[in-house]
Structures are given as structure tokens and as C-alpha cells.
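So you can see what is in the structure, the chains are spelled out below.
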Amino acid sequence: MPRSIYACPMPRVLIAEDEPAIADAVLYALRSEGLEADHCLLGREVLPRVRAGGVDVVVLDVGLPDASGFDICRELRAVSDVPVIFLTARNDEIDRVLGLELGADDYMAKPFSPRELVARVRARLRRVPVAGVAADAWTLRGEFALDGEGHRIRFRDQLLDLTRYEYALLSALLQRPGAILTRAQLMDRGWDSDADSADRTVDTHIKTLRGKLRAAGADPDPIRTHRGLGYAIEA
Ligand code: CA
């Protein structure tokens, strides 16, 4: 009987990439690190393969011959939480990765180092629950670790003592490091908004949050204010 992919103990990575040189380099780097890796050329092959099971991370080229990686990612997200790392070729693609709610977990801009990609894949795999083992609830974002179910955030291994609102703001910022979130977006994530003082409310909680981060040793301040736009975090 052929060995089922489900019995395979090694994490399996699916690469959707139409440039053979890039695909070969990535496959070689992943396999030489002991990971299982499969390759497909077309976007439409991704969803059936993920649905079939046994894919632990998807590396997805944005510019595939038959479909945009963004559309593939959206379709994937409807059926699967499998981590997705985009490969992007242009700055405007990076802007879209950062700016849209695509559900991507990471991205790499071409040209990139295959070794760096392997490191990113490994980072995602650490967050994938292994069958039969309780999932580690903590998601790492730089020096922050986020436990979405427990509503807890650690900074450099210290648990931050946050109010509900401070937690909501910081977790929203950490979901998308580097992305600017407007005060309205932050309100949406944080609490039911009916006050016309929404902007000031966000600013007030950001201020207390900054105080707590400073007390935890976050220096310089990781939260950036973008005048007239909103806030972003460096993580
Ligand atoms: Ca391509």
C-alpha cells in the first residue's frame, strides 16, 4: 500500500510559483533543511491540494499565470487557516499585502534569499498545531507574543497588564505590523463605537498603552503616530 501523505511526519510546504528558477531554488532550500516541499505552476492547483490535506504552509507567488495570488489567498481563507507566505515582485504588490485584509501571514519581496524564506516558513510552522499536541496559543510578532484566545500579550516575556481597550488596540496593531490603522479601524476592533469622541478615546488608550510599554522596557516607542492617518506598530 502506498504511504499516505497523512502518515508523513515532516511538515509539508506547497509552493505555487511559475518561474522555474525561483521554484527550484526554494524547493532545494526547503528540502535541504529536511522539509517536504511540493510545487505547482498554477493558482488553480492550490486550493484542491490544500483541501486534500497535508499542506502545512503555502508559499504563494502573487503573479501566477492563471490567477492573482491575492485571489487564491482569499479563496483559501474561506476554507483553511493554513499559513500563507506571499512572494511579491513589485512594490505595489507589497502595498496590497500590507493594505488589504487578505489573511496572509508573511511576504517576501523578490529577489529574496531562499534561506531567508526557509526561516520564514519555519517561523510559521512553529505556530501550526501538530496533530495530537496542544497548540501553542502564542503568536510571535517581533518582541511581542500574542495569545488571541487568552487575550494576553507579552513583551520580552513579560505579561503586560492591559485593560480591555489597551489589549484591543495593541492586538489590532500587532495583527498587521507596519500597517497604518486609522482611529476608526481601531475603534471597530476595540469596542462598540457610538461616541463622537472616538478619536480622542483611541488617543487616550494609546497614551496609557505607551506608558505600559515604556514601563516594560519598550524603548524606543514601537507605536508610531501617523498624523492625520492613524497608528502603526513596529514589531
Ligand atoms: Ca510569477
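Starting from 1, residues in each chain are numbered consecutively following that chain's sequence as written. Predicted model: local features are reported for residues with pLDDT of at least 70 only, side-chain atom pairs are reported and counted for 80 or more only, and whole-chain, interface and lining totals are derived from all residues. Hydrogens and water molecules were not included; the side-chain quantities draw on all heavy atoms of the structure.

*Asks:* So, the coordination of the calcium ion: which residues are in play, and what are the values?
*Replies:* Water is not among the atoms examined, so metal sites may look incomplete; donors are the N, O and S atoms within 2.8 Å of the metal, or within 3.2 Å for Na, K and Ca. For the calcium ion, the protein coordination sphere consists of D18 (OD), D61 (OD) and G63 (O), at 2.1 to 2.3 Å. Mapped onto the sequence, the residues coordinating the calcium ion show the spacing D-x42-D-x1-G. With a gap of 43 residues between them, D18 in the loop between strand 1 (12-16) and helix 1 (20-32) and D61 in strand 3 (residues 57-61) connect regions that are remote in the sequence. Where helices and strands are cited, they refer to DSSP runs of H or I of at least four residues and of E of at least two residues respectively, numbered from the N terminus.

*Asks:* If you had to explain the packing of aromatic side chains to someone new, which residues and values would you point to?
*Replies:* Only Phe, Tyr and Trp rings take part, Trp by its six-membered ring, and two of them pair if their centres are within 6.5 Å. Stacked means planes under 30 degrees apart, edge-to-face means over 60, and tilted covers everything else. Scanning the model with the defined rule gives two aromatic pairs in all. Both rings, one in F70 and one in F86, keep their centres 5.3 Å apart while their planes meet at 70°; by these two values the pair is edge-to-face. With F70 in helix 3 (residues 69-79) and F86 in strand 4 (residues 84-88), this pair connects stretches of sequence that are 16 residues apart. The buried category is assigned to F70, whose relative accessible area is 2%. Taken together, a centroid distance of 4.9 Å and an interplanar angle of 55° make the contact between F144 and F155 tilted. Any residue under 20% of the maximum accessible area for its type is buried, any over 50% is exposed, and the rest in between are partly exposed; the area is computed with a 1.4 Å probe on protein chains only.

*Asks:* Quick rundown of the sheet that holds strand 6 (residues 138-141)? Include the residues and the values.
*Replies:* Each pair of strands is called paired provided DSSP finds at least two bridges between the two strands. Strand order in the open sheet formed by four strands is 6-7-8-9, and the pairing between neighbours is antiparallel. With one partner strand each, in any of the chains shown, strand 6 and strand 9 (158-159) form the two edges of the open sheet.

*Asks:* Mind laying out helix 6 (residues 164-175), listing which residues take part and the relevant values?
*Replies:* The length a helix should cover is 1.5 Å for every residue beyond the first. The terminal C-alpha atoms of helix 6 lie 16 Å apart, and with 12 residues this matches the ideal 16 Å at 1.5 Å per residue to within 8%. Most of helix 6 sits inside the fold, with nine of its 12 residues counted as buried. Restricting attention to buried positions, one finds in helix 6 the residues E166, Y167, A168, L169, L170, S171, A172, L173 and L174.

*Asks:* Could you give me a rundown of the side chain of S171, with the residues and numbers involved?
*Replies:* Along the chain, S171 falls in helix 6. When its relative accessible area of 9% is taken as the criterion, S171 is described as buried. Contacts described as polar in this section are N or O atom pairs within 3.5 Å, which, within protein, must combine one atom able to donate a hydrogen with one able to accept it, while residues neighboring in sequence count only if both atoms come from side chains. A distance of 3.3 Å separates the side chain of S171 from the backbone oxygen of A168, its partner in a polar contact. Leaving out residues up to four positions away in the same chain, S171 has contacts with L146 and I153. Residues are treated as being in contact if the distance between any of their heavy atoms lies within 4.5 Å.

*Asks:* Account for the pairing of strand 11 (residues 223-226), naming residues and giving values.
*Replies:* For strand 11 and strand 12 (residues 230-233), the ladder comprises four bridges, and the chain directions are antiparallel. Looking across to strand 12, one finds that R224 is bridged to A232. The turn joining strand 11 and strand 12, which pair antiparallel and follow one another in sequence, is formed by three residues; a positive phi near 75° is taken by G228.

*Asks:* A description of helix 3 should follow, citing residues and the corresponding values.
*Replies:* Because each turn of an α-helix spans 3.6 residues, side chains separated by three or four positions in sequence point in the same direction. When helix 3 is considered as a whole, its buried residues turn out to be G69, F70, I72, C73 and L76. In a view along the axis of helix 3, the buried residues occupy a sector of 155°, so they form one face of it. Residue S68 occupies the N-cap position of helix 3, its side-chain oxygen lying 2.9 Å from the main-chain nitrogen of F70. Working note: the arc is built from the helix axis to C-beta atom directions.

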